[in-house]
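# Analysis of the macromolecular model
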Amino acid sequence: MSKPTYEQLERRVKALEKIAGDSIDSAMEFQHHELFELSILCNVSQALATTMDLDEMLVIVIDEVNKALLTEGAGVLLYDENRGDLYWRQIRDARKILAPQSEALRLPLEGSIAGWVFRHNKPARVNDTSRDPRYYPEMTKKSGFQIRKVLQAPLNTREKTIGVLMAMNKIGGDFTELDEALLSSMAGSIALALENATMYQKLKKSRDDLEMLYRSSMALATTMDLDHLLEVLM
């Protein structure tokens, strides 16, 4: 077997350099994405830790979703056990079209992508809603907000699925697998915070009810003046 010429060796060295360079670029890009994802999750965790007010917390988190995924809008849908559909607990969009209409923009469990995500407890990544039979066009008809692409993840507590986290219309490209992984991570944190906030509100209400009963009992025990008693009870 003849020895390779200088030109052949040079071509091989350049090919190896290109492979090494591409590998380094890929590793750096992956590391950069990991750092970016970690930064976003840290911001979400800080938001969840700073307040127990549910809507205030969701506004901060949804803004992080829009920033992280470069989307035109995002929101949290929760399951309404009485009506059997999904309603917007909080929604934010750049043009402020959806938020004022959120009460009227409920989504059914059957015949919507969000309903499918909720029922199957799986994320959904749709980069062309016009080709997906699960898409619910009534939301666009009612709101005037054109939804071309959606990325959704279920909100799971320790016991059940309580809703869906949705991101809409990525700017400048399609939703990717990495976007899906990031949204799913955020959904896990949000679901836990929703569960804690709901529990906190229930405990606060129980405390307020007990305090009211205590004050009423004290009023009954300390006065026979009917007008004063009614004033205290009111």
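For every chain, the first residue of its written sequence is number 1, and the numbers climb from 1 along that sequence. Where local features are concerned, this predicted model is filtered to residues with pLDDT of at least 70; where side-chain atom pairs are given and counted, the filter is 80 or more; whole-chain, interface and lining totals use all residues. Based on all heavy atoms of the structure, the side-chain values leave hydrogens and waters out of the count.

Strand order in the open sheet made by the six strands is E3-E2-E1-E6-E5-E4, with antiparallel pairing throughout. Either end of the sheet is taken by a strand with one partner, and the two such strands are strand E3 (107-108) and strand E4 (124-126). It only takes one pair of heavy atoms within 4.5 Å for two residues to be counted as in contact. Each axis is a line fitted through C-alpha atoms, and for a helix only the stretch in contact is used; angles between axes span 0 to 180 degrees, taken between their N-to-C directions. The helix and strand labels rest on DSSP assignments: H or I over at least four residues marks a helix, E over at least two residues marks a strand, and numbering proceeds from the N terminus. Here helix H2 (residues 54-69) sits on the sheet and contacts strand E1 (71-80), strand E2 (85-93), strand E5 (150-156) and strand E6 (161-170); the angle it forms with E2, its principal contact strand, is near 65°. Sitting on the sheet, helix H3 (residues 113-120) is in contact with E1, E2, E3, E4, E5 and E6, with an inclination near 140° to E6. Pairing between strands is defined by DSSP: at least two bridges between the two strands are required.

Let us now look at the side chain of Thr 129. Examined against the element boundaries, Thr 129 turns out to sit in the loop between E4 and helix H4 (138-143). Reaching out from Thr 129, the side chain makes a polar contact with the backbone oxygen of Ile 147 at a distance of 2.7 Å. Discounting chain neighbours no more than four positions away, the residues touching Thr 129 are Tyr 135, Ile 147, Arg 148, Lys 149 and Val 150. We call two N or O atoms a polar contact when they sit within 3.5 Å, provided that within protein one can donate a hydrogen and the other can accept it, with sequence-adjacent residues counted only if both atoms are side-chain atoms.

Time to look at the nonpolar core. Residues enter a nonpolar core if they are buried and are Ala, Val, Leu, Ile, Met, Phe, Trp, Tyr or Cys, with the set joined through side-chain atoms within 4.5 Å. Burial classes follow relative accessibility: with a 1.4 Å probe on protein chains only, a residue under 20% of its type's maximum area counts as buried, one over 50% as exposed, and anything between as partly exposed. Among the nonpolar cores identified, the biggest contains 26 residues, and Leu 58, Val 65, Val 76, Leu 155, Leu 165 and Leu 194 are the most heavily contacted of them. Among the elements of the structure, H2, E1, E5, E6 and helix H5 (177-222) are those that each provide at least two residues to this core. In this view, Leu 58 contacts Val 76, Arg 89, Gln 90, Ile 190 and Leu 194; residues no more than four positions away in its chain are not counted.

It is worth spelling out the pairing of E1 at this point. The element E1 is largely enclosed, with a buried count of eight among its ten residues. Pairing geometry for E1 and E6, over seven bridges, is antiparallel. Paired with Thr 71 across the bridge in E6 is Lys 170. As judged from the eight bridges shared by E1 and E2, these two strands associate in the antiparallel manner. Across the sheet, residue Val 76 finds its bridge partner in E2, namely Gln 90.

By salt bridge we mean one thing: a side-chain nitrogen of Lys or Arg within 4 Å of a carboxyl oxygen of Asp or Glu. Counted according to the given criterion, the structure contains 14 salt bridges. Residues Arg 89 and Asp 55 are paired through a salt bridge, measuring 3.1 Å at the closest nitrogen-oxygen approach. In this pair, Arg 89 sits in strand E2 while Asp 55 sits in helix H2, placing the two residues 34 residues apart along the sequence. The class for Asp 55 is partly exposed, based on a relative accessible area of 29%. A single salt-bridge network, built from bridges that share partners, covers Asp 80, Asp 85 and Arg 106.

This next bit is on empty space enclosed by the protein. A 1.4 Å probe that fits into a set of points on a 1 Å grid over the protein atoms alone but cannot get out defines a cavity; an open set with protein on both sides within 12 Å along at least five of seven lines defines a pocket, and lining residues are those with an atom within 4 Å of a point. Grid points are joined across faces, edges and corners, and a volume is the space filled by probe spheres set on the points. This structure, assessed with the given rule, holds one cavity of 30 Å³ or more. Lining the largest cavity, in full, are Leu 107, Ser 112, Ile 113, Ala 114, Tyr 135, Tyr 136, Met 139, Ile 147, Val 150, Gln 152 and Met 166. Looking at the lining of the largest cavity, the elements with two or more residues in it are H3 and E5. Residues were grouped as follows: Ala, Val, Leu, Ile, Met, Phe, Trp, Tyr, Cys and Pro as nonpolar; Asp, Glu, Lys and Arg as charged; and all remaining residues, including Gly, as polar. Here the residues of the lining of the largest cavity are counted per class, giving nine nonpolar, two polar and no charged.

Function cannot be read off these values alone, since they describe shape.
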